Amino acid sequence: MKYIYIIIGVAVLMAACGQKEGKEQTAAEQLAERLAKLQQRGYMMGHQDDPFYGVTWDGTYVGAAPSDSSDVLRTVGDYPAVMGFDLGGIEVGDAKNLDSVPFTRIHDELVAHHERGGIVTVSWHPRNPLTGGTAWDVSDSTVVASVLPGGSQFEKFQTWIERVGDFLLTLKTKAGRPVPVIFRPWHENNGSWFWWGQALCSDNEFHGLWDMLQDSLTIRGLNNLLWSYSPNLDGGWTEERFLARYPGNERVTLIGEDAYQWGTEDEFKTALKADLTFLSDFAKRNGKLLAMTECGLKNMTDTTWWTRVLKPVMDEHPISYFLLWRNYKKEYFGPAPELPCAADFKKLYEADNTLFLKEIKDEK
């Protein structure tokens, strides 16, 4: 599989650098180049909300300074290479996100992980602007239409986008440089559990939503955002159906997929193999990076799931990284020293092609 890693890496490097030849690279282009290089060595391990929650602890209300709490660190003595954060709630002016994490903490932990050599990714689960419900409120199928130009919620949603941009503009290093961010809005849109999902808006409306957000943030000078298009595990992608909502090569650098095992092991592996085969080919032909932008098995009911189920499938495809969802007392997807799955995660850590922070921090 090394040949595939190199081919896709070169293609992404060309896409990231070629059109800017003779000009200084943006932070997003530098990140794309870094991801392509790292992908030739293997795939990075990521974890959502890593510094905020654990199976036995809650660091949400720690002071403003970044903490060293991390279930991954406690398990293997190393941080995840990638950390994920969410901005849900910032659009309405909340002080804390939808998971009760203060945005000041998100800011500080995000910058801290970049400063220590890691990579950061940001999602956004905005509330339903039409009903006032959560992102999961799918009671009305006109929400996307309502935030597009001419819609009843257009002006409100412009303010929401502005607030997202305001936060992203604050993400700077100690030297004052923008922190590069993998930004993946409107994820899992091929499902229908978010107000921007498949059954809740037309293809044209979804494109309008994507373009409006991306154009608004780009105009503000946010060239440190590496845009990721991240649908959900599908198990039956065709070129026509994938392209129906794909924002376009000029708008996407990384193609991701969120893939959880909710059913049987065989169902999960069959669907994931089918999807990654299609997405790997699409990424190769279009010069895009590929990642499992969310994944996991809830509460790790299979103590060997990482090395026996997930890793063999990932080994067959040129994945840039995989991101396990957050750990929490009642619901967890990652490791912890107290869990029976810790031994299997240590095997994952020791594999030659799995990359954690120590293995990537010097390649910036």
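Everything numeric in this text was worked out from a predicted model, so none of it was measured.

A.B. asks: Could you clarify how one ought to interpret the packing of aromatic side chains in this entry?
C.D. replies: For any pair of aromatic rings, the description consists of the separation of the ring centres together with the inter-plane angle of the planes. The full count for this structure, using the stated rule, is 33 aromatic pairs. Between Y229 and F242, the ring centres sit 5.8 Å apart and the planes meet at 75°, which makes this aromatic pair edge-to-face. Of the two residues, Y229 sits in strand 5 (residues 225-229) while F242 sits in helix 8 (residues 239-245), which places them 13 residues apart along the sequence. With a centroid separation of 5.5 Å and an interplanar angle of 65°, the aromatic rings of F242 and F278 are classed as edge-to-face. Here the residue F242 occupies a position in helix 8, and F278 occupies one in helix 9 (residues 265-286), the gap between them amounting to 36 residues. The burial state of F242 is the same as that of F278; both residues are buried. Geometry around Y79 places R116 over its ring, the cationic atom sitting 4.2 Å from the centre.

A.B. asks: Before we go on, may I ask you to explain the environment of V143 in this structure?
C.D. replies: Following the sequence through the fold, V143 ends up in helix 5 (residues 143-147). With relative accessibility at 0%, the residue V143 sits in the buried group. Between the alpha carbons of V143 and W195 there is a distance of 6.6 Å; along the sequence they are 52 residues apart. Discounting residues that sit within four places of it in the chain, V143 has contacts with N128, P129, L130 and W195.

A.B. asks: Whenever I open this one, the confidence of the model for the protein confuses me. Can you help?
C.D. replies: Predicted coordinates in regions of low pLDDT should not be interpreted in detail. Predicted confidence across the protein gives a mean pLDDT of 93, with 93% of residues reaching 70 or more. Of the regions scoring below 50 in pLDDT, residues 1-20 engages in 39 contacts with residues more than four places distant in sequence or in other chains.

A.B. asks: What is the right way to read the state of the cysteines from this model?
C.D. replies: As used in these notes, a disulfide is a covalent bond between sulfur atoms, one from each of two cysteines. All chains considered together, the criterion is met by 0 disulfides. We note that C295 lacks a disulfide partner, and the nearest cysteine sulfur, in C341, lies 13 Å from it.

A.B. asks: What is the right way to read unusual backbone geometry from this model?
C.D. replies: Comment: phi is negative for the bulk of residues other than glycine, and the bulk of peptide bonds are trans. Residue D49 is not a glycine yet carries a positive backbone phi of 55°. A residue is classified by how much of its surface remains accessible, and D49, at 2% relative accessible area, is buried. We note that E188 has phi near 55°; this positive angle belongs to a residue other than glycine. With respect to the helices, strands and loops of the structure, E188 is situated in the loop between strand 4 (181-183) and helix 7 (203-219).

A.B. asks: Would you mind going over the nonpolar core with me for this structure?
C.D. replies: A general trend in soluble globular proteins is that nonpolar side chains are found buried together. Counting residues in each nonpolar core, the largest one holds 110 residues, and the members touching the most others are M44, F157, W186, M292, L310 and F322. Take this core: its biggest share by element is 8 residues, from helix 9. Other than its neighbours up to four places away in sequence, W186 contacts W124, P126, F157, W195, W196, F206, L209, W210 and L213.

Rules used in this analysis
Residues numbered from 1 in each chain as written. Predicted model: local features only at pLDDT ≥ 70, side-chain atom pairs only at ≥ 80, totals over all residues. Heavy atoms only, no water. Phe/Tyr/Trp six-rings, centres within 6.5 Å; stacked < 30°, edge-to-face > 60°. Helix = DSSP H or I, 4+ residues; strand = E, 2+ residues; numbered from the N terminus. Buried < 20%, exposed > 50% of the residue type's maximum accessible area, 1.4 Å probe, protein only. Lys NZ or Arg CZ within 6 Å of the ring centre and 35° of its normal. Contact = heavy atoms within 4.5 Å. pLDDT = per-residue confidence, 0-100. Disulfide = S-S within 2.5 Å. Core = buried A, V, L, I, M, F, W, Y, C linked by side-chain atoms within 4.5 Å.

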